[in-house]
Amino acid sequence: MQARKVLALGGGFAAYRFVRDLRNVNYALTLAAPRNHFLFTPLLPSTTVGTLEFRSILEPFRKTCPWATFHLFEATSLDVSRKVVLGKSPLDGIESELPFDDLIIAVGAIAGTFGVPGVAEHALFLREIPDSLRIRRQILDCLERASAPDLSPERRKNLLHFVVVGGGPTGVEFSAEMHDFLWSDLKEAYPDLVDEVQITILEATHQLLGAFDAVLSEYAAKRFARAHITVRTKSTVARVEEEKLFLQEGEEIPFGLLVWATGNAPNPFIAALPFAKEKGRMIVDEYLRVAGQDSIYALGDCAVVEGNAMPATGQVAEQQGKYLAHAFRLRAKGKAVPPFLYRPMGMLAYVGGNRAVADLPGIKSHGFGVFLFWRSVYLTKLISLRNKVMVVFGWLRTYLFGRDLSRI
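Note that residues are indexed from 1 along each chain, following the sequence as it is written. The predicted nature of this model means local features are confined to residues of pLDDT at least 70 and side-chain atom pairs, given and counted, to a pLDDT of 80 or more, with totals for whole chains, interfaces and linings taken over all residues. Excluding hydrogens and water, the side-chain values take into account all heavy atoms of the structure.

A few points about the overall build of the protein
Runs of H or I in DSSP of at least four residues are treated as helices and runs of E of at least two as strands, each being numbered from the N terminus. What the protein contains, in helices and strands, is twelve helices and 25 strands. Computation of the radius of gyration draws on C-alpha atoms, with the globule rule given as 2.2 Å multiplied by the number of residues to the power 0.38. Taking 22 Å as the expected radius of gyration for a compact globule of 408 residues, we find that the protein reaches 22 Å, a close match to that expectation. With the C-alpha coordinates of the protein rotated into their principal frame, the extents come out at 75 × 40 × 40 Å. Out of the 408 residues in the protein, the part that is buried amounts to 50%. We call two residues contacting when some pair of their heavy atoms lies within 4.5 Å. Taking contacts inside the protein between residues at least 6 apart in sequence as the whole, the part at least 24 apart equals 63%. A simple rule labels every residue: compare its accessible area, found with a 1.4 Å probe on the protein chains alone, to the largest value its type can have, and call it buried under 20%, exposed over 50%, or partly exposed in between.

Some remarks on helix α1 (residues 13-21)
Among the nine residues that make up α1, seven are buried, leaving the element largely enclosed by the rest of the structure. For α1, the set of buried residues is Phe13, Ala14, Ala15, Tyr16, Arg17, Phe18 and Val19.

Overview of the nonpolar core
The term nonpolar core refers to a set of buried residues drawn from Ala, Val, Leu, Ile, Met, Phe, Trp, Tyr and Cys, joined through side-chain atoms within 4.5 Å. Residues Phe18 and Ile105 are the most contacted members of the largest nonpolar core, which totals 117 residues. It is helix α10 (residues 314-332) that provides the largest number of residues to this core, a total of eight residues. Beyond its immediate stretch of four places on either side in the chain, Ile105 contacts Leu9, Phe269, Ile270, Leu273, Met282, Ile296, Tyr297, Ala298, Leu299 and Cys302. Ala123, Val240, Leu245 and Trp260 belong to the second largest nonpolar core, which has 16 residues in total.

Brief notes about the packing of aromatic side chains
Stacked, edge-to-face and tilted labels apply to pairs of Phe, Tyr and Trp rings (six-membered ring for Trp) whose centres lie within 6.5 Å, assigned for plane angles under 30 degrees, over 60, and everything in between, in that order. Within this structure, the stated rule accounts for 15 aromatic pairs. A centroid spacing of 5.4 Å and a plane angle of 40° characterise the contact between Phe61 and Phe70, whose relative ring orientation is tilted. With a relative accessible area of 1%, Phe61 lands in the buried category. Overall, the relative accessible area of 6% leaves Phe70 in the buried class. The structure contains a cluster of three or more aromatic residues connected by ring pairs, namely Phe13, Tyr16, Phe38, Phe40, Phe61, Phe70, Tyr350, Phe368, Phe371, Trp374 and Tyr378. Charge-over-ring contacts are defined here by two conditions on Lys NZ or Arg CZ: a distance within 6 Å of the ring centre and an angle within 35 degrees of the ring normal. Just above the ring of Tyr16 sits the side chain of Arg20; from NZ or CZ to the centre is 5.6 Å. Note that Arg239 overlies the ring of Phe246, its terminal NZ or CZ placed 3.8 Å from the centroid.

Focus: the pattern of salt bridges
Whenever a carboxyl oxygen of Asp or Glu lies within 4 Å of a side-chain nitrogen of Lys or Arg, that contact is scored as a salt bridge. On inspection of all chains with the given rule, the structure shows 19 salt bridges. The salt bridge involving Glu251 is made with Arg232; its shortest N-O contact spans 2.7 Å. Of this pair, Glu251 sits in the loop between β15 (244-247) and β16 (252-254) while Arg232 sits in strand β13 (residues 229-232), and the two are 19 residues apart along the sequence. Residue classification places Glu251 among the partly exposed residues on the basis of a relative accessible area of 34%.

Examining the pairing of strand β25 (residues 363-367)
Should DSSP find at least two bridges between two strands, the strands are taken to pair. Relative to β25, strand β24 (residues 355-360) runs antiparallel, the two sharing five bridges. Considered in β25, the bridge of Leu360 is made with Ile363. Here β24 folds back onto β25, and the loop between the two strands holds two residues, one of which, Gly362, carries a positive phi near 85°.

Structure representation (structure tokens):
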């Protein structure tokens, strides 16, 4: 009997966990993604300033999931009647198609610009390793340009203004890492500039870390105030131009670096699919099946369980990937499959100065002890021993020798 062809689309927490857990089972398993590695995104802000090097948070698919066939493939459309996914190579654009008996759609989402003009052209995002490298270079470019002789004070001030739009975990953690970088490393390398550097967070709602408990949000805001990080809540960006943005009230804010960390928008592949959606995410049942389909599943940031809205986080995506792999194992044995049940594990965020906040079931805490807990949790979540060792040595290297300031 020929093994069923199971095709998983995506390379994030959901698809990677599904493929990792579905081994030693009689399925012809294929993973297709536009990158050839899993990225541990919770530590991505640390790579923007060199606290960690980017290769320490990557897991190559071909090495960590050798039981699955991997294709570097960007899905563009789906032919349900023929049971094939059409797509192209991210390298050369050559089109191809992949057949399936069971399809797992976990392509995630893209950075949301919310229709604000100029964001795509003039802002930097923080979702992938290339984004991190661009931010890292832009930071150093601003510092080098600001240190040029005969530069006007106004121009220097603008270049040294680093603006973050979005006060969620990504924006907060990047701002925290940026502050650590400035005061731990740049005060010696750029002693004439470091006092002029300004970090500003623009948040459209009334508080930082809106999904966290209000006490923790207030703690983060107070820490940022002491660190001279300006937090402006209820500040909505109307448009972005080269090296300046405008708020809805008309105020102009110049910048040298603009990091856009406001949330998600539907993946174009998902947007083109004919299935029912809610706010751009495909509606699935309690078994993660796409509405009206028997062999197509969706999970992670591109899906929403009908009647049970869950946050678009890596925690949810990983639990769904783990559940679906278990469900496929049960089906292979002819056993009944229970519905998916999400178990909230809480949230963590780094707020700089070796301090973190933890919003866990029954526990709301902050401080240095939580920072150690934050690091230990992320360390255990890393997949390979290689990466765990590299991250520990990265933290140790930064503590002993500081961060690298080379512009490459």
